[in-house]
Amino acid sequence: MKANAWQQDQEYLSLVEDLLEQPAVQKLANYTQHHHSDRLQHSIAVSFDSYELAKKMKLDYKSVARAGLLHDLFYYDWRTTKFNLGSHAFIHPRVALRNAEKITELNAMEKDIILKHMFGATLALPKYRESLLVSLVDDYEAEHEFFAPLRKKADGLYHKIKVRVSI
Ligand SMILES: [Fe+2]
Ligand SMILES: [Fe+2]
């Protein structure tokens, strides 16, 4: 079943299973992300769809899979918690990066993917095509999560994103 395709993809699992086992990642399941998904489901969807697309585009799919999984590693309800220092869009990638660094070593690309995933809502430019890819998949997931089967989603997504990432 495509909804669980990530669980059957041994290569994907080998890239992220050390992260998936971490309590810091598992507890994302306690937070609602969008109306129909929790933050863990959302993070896996962004990670796995980005991984599949990155593979097709011959990008660094390993960094994409790992950083995609960690891009929203924060523990507050973004709909009710407000900050004095800046918007949620600005703050939470920084919080996620700090939390991610506590559980794994990150390469420069992985850091950029996490920090720039709100590109569009924030001004910081992605340094890598992989960062732009995850940012676009994240936008797409926010709109489509649980409204379309992943396989159907992935085809349209691939064409839409390939054009934008290749520019
Ligand atoms: Fe985010
Ligand atoms: Fe996200």
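Residues numbered from 1 in each chain as written. Chains lettered and ligands numbered in written order. Predicted model: local features only at pLDDT ≥ 70, side-chain atom pairs only at ≥ 80, totals over all residues. Heavy atoms only, no water.

Draft legend 1. Structural view of the coordination of the iron ion (ligand 1). Listed as protein donors to the iron ion (ligand 1) are Asp72 (OD), His92 (NE2) and His117 (NE2); their distances from the metal cover 2.1 Å. Between consecutive donors of the iron ion (ligand 1), the numbers of intervening residues give the motif D-x19-H-x24-H. Between the two metals, the iron ion (ligand 1) and the iron ion (ligand 2), the spacing is 3.4 Å, and Asp72 donates to both. One end of the pair, His92, is in helix α6 (residues 88–103); the other, His117, is in the loop between α7 (108–115) and α8 (129–144), with 25 residues separating them in the sequence. The class for His92 is buried, based on a relative accessible area of 2%. What makes His117 buried here is its relative accessible area of 0%. (Donors = N, O, S within 2.8 Å, 3.2 Å for Na, K, Ca; no water. Helix = DSSP H or I, 4+ residues; strand = E, 2+ residues; numbered from the N terminus. Buried < 20%, exposed > 50% of the residue type's maximum accessible area, 1.4 Å probe, protein only.)

Draft legend 2. How the structure looks around the coordination of the iron ion (ligand 2). Around the iron ion (ligand 2), the protein supplies His42 (NE2), His71 (NE2), Asp72 (OD) and Asp138 (OD) as donor atoms, at distances of 2.1 to 2.3 Å. Each of the 4 donor atoms bound to the iron ion (ligand 2) contributes to angles spanning 84 to 175 degrees, and the resulting shape is irregular. One chain supplies every donor for the iron ion (ligand 2), spaced along it as H-x28-H-D-x65-D. Among the residues examined, Asp138 registers a relative accessible area of 7% and is labelled buried. (Tetrahedral: all angles 85-135°; square planar, octahedral: opposite > 155°, others 65-115°.)

Draft legend 3. Spotlight on the environment of Asp72. Position of Asp72 among the secondary structure elements: in the loop between α5 (61–70) and α6. Residue Asp72 is classed as buried on the basis of its relative accessible area of 2%. Asp72 sits 39 residues away from Gln33 along the chain, and the two C-alpha atoms are 9.5 Å apart. Excluding residues within four positions of it along the chain, Asp72 makes contact with Leu28, Gln33, Arg39, His42, Ser43, His92, Ala96, His117 and Asp138. A polar contact of 3.2 Å, which involves the side chain of Asp72, links it to the side chain of His117. (Contact = heavy atoms within 4.5 Å. Polar contact = N/O pair within 3.5 Å; in protein donor to acceptor, adjacent residues only side chain to side chain.)

Everything listed here is a matter of geometry and, on its own, says nothing about what the molecule does.
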